[in-house]
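# Geometric and topological summary
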Amino acid sequence: MATTEKPGEPEYRTTSTPAPAGVDFFNLDVVLRFLLFSASLVAVVVIVTSNQTEAVLFQGRPVPQPAKWRYSPAFVYFVVAFSVSGLYSIITTLASLSVIQRPHLKTKFLLHFLFWDALILGIIASAVGAGSGVAYIGLKGNSHVHWNKICSVYDKFCKHVAGSLAVGLFGSIVVVLLIFLSAFTLHSRVPK
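Residues numbered from 1 in each chain as written. Predicted model: local features only at pLDDT ≥ 70, side-chain atom pairs only at ≥ 80, totals over all residues. Heavy atoms only, no water.

Now for the pattern of salt bridges. Scanning the model with the defined rule gives two salt bridges in all. With a shortest N-O distance of 2.9 Å, Arg33 and Asp117 are connected by a salt bridge. Of the two residues, Arg33 sits in helix α1 (residues 26-48) while Asp117 sits in helix α3 (residues 106-140), which places them 84 residues apart along the sequence. This pair shows no difference in class: Arg33 is buried, exactly as Asp117 is. The network of salt bridges with shared partners includes Asp29, Arg33 and Asp117. (Salt bridge = Lys/Arg side-chain N within 4 Å of Asp/Glu carboxyl O. Helix = DSSP H or I, 4+ residues; strand = E, 2+ residues; numbered from the N terminus. Buried < 20%, exposed > 50% of the residue type's maximum accessible area, 1.4 Å probe, protein only.)

The structure is reproduced here in structure tokens:
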């Protein structure tokens, strides 16, 4: 079957038309990435400074017993995840600033940001979930396995952990906003 289309028709053009400009939210992107850095930094600093030592009765005598974030693998994972998130936010903030200077790279960077932001969201959301599970057991205990509440004894430690988890949850929400922003901006650049 022979086609009736001629090489001069739109399907056979050799020059491509540029993609539509779309919306440009890179200034908001920089602000959100700075917020992610701030949330990551605060979450790490607050949980790392949560150490507390209290006298606990052991065989009838008070014994000093420390509560440290390093004693829980979930809190160690939390610190590592938000340290990675903070480093990632510094790198991507600098990349966003460079994209503002070089607008021809916007679409390519948006796609990379979308992918890496989703990966970072998975990492920090799982860290917040793991830390929240351990914090809940510290707050309420578990009578079925005879794990006692510790927040009645280690109040400063528990307040620091709770604050750090709250800031970590805020950081997760910021990354969700970054993903929505990148997806919306990419969608606006698709020719209609």
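After presenting the structure, the write-up continues.
With respect to the helices and strands, the residue Leu121 is situated in helix α3. Under the relative-accessibility criterion, Leu121 is labelled buried at 18%. For the pair Leu121 and Leu178, spaced 57 residues apart in sequence, the C-alpha separation works out to 9.8 Å. When residues no more than four places from it in sequence are discounted, the contact partners of Leu121 are Ser172, Val175, Val176 and Ile179. (Contact = heavy atoms within 4.5 Å.)

Turning next to the packing of α1 against helix α2 (residues 73-101). Look at α1 against α2: their axes get within 8 Å of each other, and the N-to-C directions meet at 155 degrees. Overall, the two elements α1 and α2 adopt an arrangement that is roughly antiparallel. With respect to the hand of their crossing, α1 and α2 are arranged in left-handed fashion. Across the contact of α1 with α2, the residue classes tally to 18 nonpolar, nine polar and two charged. (Axes fitted to C-alpha atoms, helices over the stretch in contact; angles between N-to-C directions. Parallel < 35°, antiparallel > 145°, perpendicular 65-115°, else oblique. Left-handed = near helix turned anticlockwise from the far one by under 90°. Nonpolar A, V, L, I, M, F, W, Y, C, P; charged D, E, K, R; others polar.)

With that settled, the discussion passes to the state of the cysteines. In total, this model carries one disulfide according to the counting rule given. For Cys151, the disulfide goes to Cys158, at an S-S distance of 2.1 Å. Where Cys151 bonds to Cys158 through sulfur, the torsion about that S-S bond is close to -90 degrees, and the disulfide is left-handed. Neither residue differs from the other here; Cys151 and Cys158 are each classed as buried. (Disulfide = S-S within 2.5 Å.)

Read these as layout, nothing more, since geometry by itself doesn't imply function.
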